[in-house]
Amino acid sequence: MISAVIVLCSLLLFGVAVFTLWWMLHAWRTPETLAATRFTDPDGTGALSFSLLVPARHEQAVLERTVLRLLESTHPDFEVIVIVGHDDPETAEVAHGLAARHPEQVFVVTDTHEKKNKPKALNSALPSCRGDVVGVFDAEDQVHPDLLSHVDHAFRATAADVVQGGVQLINFHSSWYSLRNCLEYFFWFRSRLHLHAAKGFIPLGGNTVFVRTDRLRANDGWDANCLAEDCDLGVRLSSQGAKVVVAYDSEMVTKEETPDSVVSLFKQRTRWNQGFLQVYRKRDWRSLPTMRQRMLARYTLATPFVQAFSGLLILVGIAVALFSSVPDLVAMISFSPLIPMVAMFAFEAVGLHDFGKQYRLPIKFSHYAKLILGGPFYQLILAGAAIRAVWRELRGRKDWELTRHVGAHLNA
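Residues numbered from 1 in each chain as written. Predicted model: local features only at pLDDT ≥ 70, side-chain atom pairs only at ≥ 80, totals over all residues. Heavy atoms only, no water.

S.K.: I tried to follow the overall build of the protein chain on my own but got confused; where do I start?
M.R.: A count of helical and extended segments in the protein chain gives 14 helices and nine strands. A compact globule built from 412 residues would reach a C-alpha radius of gyration of about 22 Å, and the protein chain, at 22 Å, matches this within 12%. Taking the principal axes of its C-alpha atoms as reference, the protein chain extends roughly 75 × 50 × 45 Å. Counting contacts in the protein chain only where the partners sit at least 6 residues apart, residues at least 24 apart contribute 84% of the total. With an accessible surface of roughly 18,900 Å², the protein chain has 61% of that area assigned to carbon and sulfur atoms. (Helix = DSSP H or I, 4+ residues; strand = E, 2+ residues; numbered from the N terminus. Rg over C-alpha atoms; globule rule 2.2 N^0.38 Å. Contact = heavy atoms within 4.5 Å. Areas by Shrake-Rupley, 256 points an atom, 1.4 Å probe, with all protein chains shown as cover.)

Dropping the structure here:
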């Protein structure tokens, strides 16, 4: 009986690791695939207009720099709408100061909801949007001045309904987990999201995402009760057949920072995982037209819980190896998940080298050591967050745990 369980669990872990590795490396499959992940050069027309939403809550320390950076955009037609809470006077003061200095381009919307979260803030501003396209940025984002021109061209050249730009955590040196967090974003926006767009199912990112305004209004904006409103919007639009284009260019990415503590990272992942669980239970993904798309959706939305389950299986496997005796063949099969896992570590090391090269960051031997040694502990954090997400969902806890921003990426 124990042998059968070990074989079954080993093959399951092997399959999960192989799928994860294959999807992680999607962008590097061929030179043509890699080239297709970039923005094409804009034609300088600037035919579309943009409404850029910047929800900010207790983020007075980073908001001004973000908005001023947006105002440096080379695109000829855009407005910036800063959304602040009625109970957050410090951030509101910064926002109104910016609007007073730039009355033609910066506007302030006040979110009066008693219980606040990001989708409610975004929905508060949606009626005020005058642009053809709505873009979302976070209050700490560092946005490239040419991004809007590239996005404008991407919409017109591809007839897209949605354009998802790249987002990159950049302060890899801040802590042991920051390095892994940055690399996680690198593989997600550099590779994995392109696979999802190609397959017709994509959980969108929370910022640097651009949606045609009429599409957003037809869908009543964002789900105000979902903790992963970006993922939910992507699933709904995918189910409606919307065309989504993803582009990653190290020169055009929006730069962000990692959570400033392990606790903050843990809470952020709990929120995301709980949001994925909520989206899964809403079942909009069941409207996807093909079985393959629905299977991809089911697996993607369940990924946090697959990770948690995998972590538990690894611990059980170690315990069995230490305290029980099994046939040689079973013991050999139990090591099979190590093959793709070792390959994954190797490709992560190559990815770290590429990350440093693209962003002109000094990657040292100690960083590779942190990457390898920190892997198991990082997975434990993700697994714990997935378990906590299930616990909160079962208890009906759906309050928004805000991730604090301190600007660690500004000088990275």
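Next, the rest of the story.
S.K.: Would you mind showing me how to read the packing of helix H9 (residues 229–239) against helix H10 (residues 262–282) here?
M.R.: For any two helices packed against each other, the geometry is given by the interaxial angle and the distance between the axes. Across the interface, H9 lies against H10 with an axial gap of 9 Å and an inter-helix angle of 25°. Judged by the angle between their axes, H9 and H10 are roughly parallel. Crossing of H9 over H10 shows right-handed handedness. From H9, Cys231, Asp232, Val235 and Arg236 reach across to H10, where they touch Phe276, Val279 and Lys282. (Axes fitted to C-alpha atoms, helices over the stretch in contact; angles between N-to-C directions. Parallel < 35°, antiparallel > 145°, perpendicular 65-115°, else oblique. Left-handed = near helix turned anticlockwise from the far one by under 90°.)

S.K.: Would you mind showing me how to read the domain arrangement of the protein chain here?
M.R.: Interfaces are often sized by the accessible area lost when the parts come together. Under the domain assignment, the protein chain is made up of domain 1 (1–27 + 291–395) and domain 2 (31–277). Facing 41 residues of domain 1, the contacting portion of domain 2 comprises 43 residues. Carbon and sulfur atoms make up 70% of the area that domain 1 and domain 2 hide from each other, which totals about 4,200 Å². When the area that domain 1 buries against domain 2 is broken down by residue, the three leading residues are Ala27, Tyr359 and Tyr378, summing to 17%. The interface formed by domain 1 and domain 2 holds two salt bridges in total. (Domains from an automatic or database assignment. Buried area = accessible area lost by both parts, 1.4 Å probe. Salt bridge = Lys/Arg side-chain N within 4 Å of Asp/Glu carboxyl O.)

S.K.: Would you mind showing me how to read a nonpolar patch on the surface here?
M.R.: On the surface, Trp176, Val262, Phe377 and Leu380 cluster together to form a nonpolar patch covering roughly 380 Å² of accessible area. Take Val262: it is sitting in helix H10. Val262 gets classed as partly exposed once you look at its relative accessible area, which sits at 34%. (Patch = residues over 30% accessible without salt bridge, like charges linked within 9 Å, V, L, I, M, F, W, Y side chains within 5 Å. Buried < 20%, exposed > 50% of the residue type's maximum accessible area, 1.4 Å probe, protein only.)

S.K.: Would you explain the UniProt feature "transmembrane region" (unreviewed entry) in the protein chain in this entry?
M.R.: Residues annotated by UniProt as "transmembrane region" (unreviewed entry) correspond here to residues 6–25, 301–323, 329–350 and 371–391. Its end C-alpha atoms 33 Å apart, residues 329–350 is made of 86% helix and 0% strand. (UniProt positions renumbered as here; feature names shortened; annotations may be inferred.)

S.K.: Is there a simple way to think about unusual backbone geometry in this case?
M.R.: Positive phi, normally seen in glycine, also occurs at Arg283, with a value near 70°. Within the secondary structure layout, Arg283 lies in the loop between H10 and helix H11 (291–323). Within the chain, Arg360 stands out as a residue other than glycine whose phi angle is a positive 55°. The residue Arg360 is located in the loop between helix H13 (338–358) and helix H14 (365–395) in this model. For Arg360, a relative accessible area of 64% corresponds to the exposed category.

S.K.: How should the packing of aromatic side chains be read in this particular structure?
M.R.: How two aromatic rings sit relative to each other is given by the distance of their centres and the angle of their planes. Evaluation of the coordinates by the stated rule reveals 15 aromatic pairs. For the ring pair Trp28 and Phe187, a centre distance of 5.8 Å and an interplane angle of 70° mean the geometry is edge-to-face. Taken together, the positions of Trp28 in the loop between helix H1 (2–24) and helix H2 (31–36) and Phe187 in helix H7 (residues 176–199) put the pair 159 residues apart, joining distant regions of the chain. In this structure an aromatic cluster arises from ring pairing among Trp28, Phe172, Phe186, Phe187, Tyr248, Phe355 and Tyr359. (Phe/Tyr/Trp six-rings, centres within 6.5 Å; stacked < 30°, edge-to-face > 60°.)

S.K.: Just checking my understanding: could you explain the sheet that holds strand E7 (residues 209–212) for this structure?
M.R.: Each strand in a sheet pairs with another by means of backbone hydrogen bonds, the pair being arranged parallel or else antiparallel. Taken in spatial order, the seven strands of this open sheet run E3-E2-E1-E4-E7-E5-E8, and their pairing is mixed. Single-partner strands in this sheet number two, and they are strand E3 (106–111) and strand E8 (244–247). Each adjacent strand pair in this sheet contributes to an overall mean axis angle of 20°, direction not counted. Sheet analysis places strand E5 (residues 162–165) next to E7, joined by three bridges and oriented antiparallel. Counted as the bridge partner of Val163 is Phe210 from E7. Of the strands in this sheet, strand E1 (50–55), strand E2 (78–85) and E3 touch helix H3 (residues 60–71), which is tilted by about 165° from E2. On the sheet, helix H6 (residues 147–158) packs against E1, E2, strand E4 (133–136), E5, E7 and E8 and is oriented at approximately 45° with respect to E7. (Pairing = 2+ DSSP bridges.)

S.K.: Sorry, what's going on with the nonpolar core here?
M.R.: For soluble globular proteins, nonpolar side chains are generally found buried alongside one another. In this structure, Leu53, Leu204, Trp222 and Phe355 are the most contacted members of the largest nonpolar core, which totals 46 residues. Per-domain counts for this core show at least three residues from each of domain 1 (1–27 + 291–395) and domain 2 (31–277). For Trp222, the residues in contact, after removing those within four places along its chain, are Leu53, Pro119, Leu122, Asn123, Val134, Val136, Leu216, Glu229, Leu233 and Arg236. (Core = buried A, V, L, I, M, F, W, Y, C linked by side-chain atoms within 4.5 Å.)

S.K.: Even after reading the chapter, I still don't get the pairing of E3, so can you show me in this structure?
M.R.: Every regular strand shows the same layout, with side chains that alternate between the two sheet faces. Strand direction decides the pairing type here: E2 and E3, joined by six bridges, are parallel. What sits directly across from Ile81, in E3, is Phe107. Running through helix H4 (residues 89–101), the crossover from E2 to the neighbouring parallel element E3 is right-handed. (Right-handed = clockwise from strand over helix to strand, strands pointing away.)

S.K.: Whenever I open this one, H6 confuses me. Can you help?
M.R.: The α-helix winds at 3.6 residues per turn, so residues separated by three or four positions along the chain end up facing the same way. Along its twelve residues, H6 runs 16 Å from first to last C-alpha, staying within 8% of the 16 Å computed at 1.5 Å per residue. Leu147, Leu148, Ser149, His150, Val151, Asp152, His153, Ala154 and Phe155 are the residues of H6 that are buried. In this structure, the buried residues of H6 make contact with E1, E2, E4, E5, E7 and strand E9 (254–256). Downstream of H6 by a residue or two, Ala159 has a phi angle that is positive, lying close to 55°. (Expected span 1.5 Å × (residues − 1).)

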